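In case you want the letters, here they are:
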Amino acid sequence: MDELVKKIAALGLPGILFVIATATSGGSVAAVVAMLSSLGGPLGLLGGLGLLGLVGILGEYIAGFGVENVLKLIYTERSKTESVRFLLKEIKELPITDDLKLKLEHHISPVVVTETDEATAPRTIEIVDEESVT
């Protein structure tokens with residue numbers, strides 16, 4: 001078992017994805033092949049294997065550079081062509097820590113506009129027509 005774990009660990013993230021896919025399929029080879037084929041899209045099983053390799057390469061770069069830095073660079077580039085408001089909404093929905101969400105929000109929008117809960121009530125002006133009593 002130790003030898004198997006060492007080989008899967010050497011594969012990195014693709015190995016972990018493969019183990020998870022195998023475990024959730026109940027060990028069925030057909031289910032794993034179907035999963036890899038669906039990941040591969042029009043390229044089928046070979047595309048799925050290639051995608052696992054690509055995920056491994058990306059995982060290495062992200063681990064070396066840092067997830068926070070990679071996300072900051074991605075959102076900086078996207079903010080050039082997309083609305084900052086849309087990106088802020090997207091960041092709030094990401095499955096990441098609140099601390100990382102705050103860092104990303106401040107990175108793409110350094111000026112934070114805070115909305116107050118208390119809105120100023122409109123003034124009511126009452127016009128009274130006084131009739132003279134004679």
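Residues numbered from 1 in each chain as written. Predicted model: local features only at pLDDT ≥ 70, side-chain atom pairs only at ≥ 80, totals over all residues. Heavy atoms only, no water.

1. Let's talk about the overall build of the protein chain
Helix and strand counts for the protein chain stand at 7 helices and 0 strands. Listing each helix as α and each strand as β along the protein chain from the N terminus yields α-α-α-α-α-α-α. Within the protein chain, buried positions represent 16% of all 134 residues. Sequence-distant contacts, at least 24 apart, represent 31% of the contacts inside the protein chain between residues at least 6 apart. Looking at the protein chain as shown, the accessible area adds up to about 10,800 Å², and 63% of this sits on carbon and sulfur atoms. (Helix = DSSP H or I, 4+ residues; strand = E, 2+ residues; numbered from the N terminus. Buried < 20%, exposed > 50% of the residue type's maximum accessible area, 1.4 Å probe, protein only. Contact = heavy atoms within 4.5 Å. Areas by Shrake-Rupley, 256 points an atom, 1.4 Å probe, with all protein chains shown as cover.)

2. Observations concerning the nonpolar core
Residues Leu71, Tyr75, Leu87, Ile91, Leu100, Leu104 and Ile108 constitute the largest nonpolar core, which totals 7 residues. Looking at this core, the elements that each hand over two or more residues are helix H5 (67-78), helix H6 (84-92) and helix H7 (98-108). Element by element, the count of residues in this core is highest for H7, at 3 residues. Beyond its immediate sequence surroundings of up to four residues, Leu104 is in contact with Leu71, Lys72, Tyr75, Ile91 and Ile96. (Core = buried A, V, L, I, M, F, W, Y, C linked by side-chain atoms within 4.5 Å.)

3. Describing helix H3 (residues 29-40)
In this model, H3 (12 residues) spans 16 Å end to end at C-alpha, consistent with the 16 Å of a helix rising 1.5 Å per residue. Regarding H3, the residues found buried are Val32, Leu36 and Gly40. Buried residues of H3, viewed axially, fall in a sector of 75°; they line one side. Relative to its buried face, H3 has exposed residues pointing more than 90 degrees away, namely Ala30 and Ser38. Downstream of H3 by one or two residues, Gly41 has phi in the positive range, about 60°. (Expected span 1.5 Å × (residues − 1). Arc of directions from axis to C-beta.)

4. Observations regarding the confidence of the model for the protein chain
Summary statistics for the protein chain give a mean pLDDT of 76 and a share of 69% for residues scoring 70 or more. Element-level mean pLDDT values for the protein chain span from 62 in helix H1 (residues 2-11) up to 92 in H7. (pLDDT = per-residue confidence, 0-100.)

5. Looking at the pattern of salt bridges
If you walk through the whole model with that rule in mind, you get 7 salt bridges. With its nearest N and O atoms 2.5 Å apart, the salt bridge here joins Glu90 to Arg78. Of this pair, Glu90 sits in helix H6 while Arg78 sits in helix H5, and the two are 12 residues apart along the sequence. A single salt-bridge network, built from bridges that share partners, covers Glu68, Lys72, Asp99 and Lys103. (Salt bridge = Lys/Arg side-chain N within 4 Å of Asp/Glu carboxyl O.)

6. Structural notes on a nonpolar patch on the surface
On the surface, a nonpolar cluster with roughly 460 Å² of combined accessible area is contributed by Val29, Val33, Leu45, Leu46 and Leu49. Secondary structure elements with two or more residues in the nonpolar patch: H3 and helix H4 (44-65). Element by element, the count of residues in the nonpolar patch is highest for H4, at 3 residues. Take Val33: it is sitting in helix H3. (Patch = residues over 30% accessible without salt bridge, like charges linked within 9 Å, V, L, I, M, F, W, Y side chains within 5 Å.)

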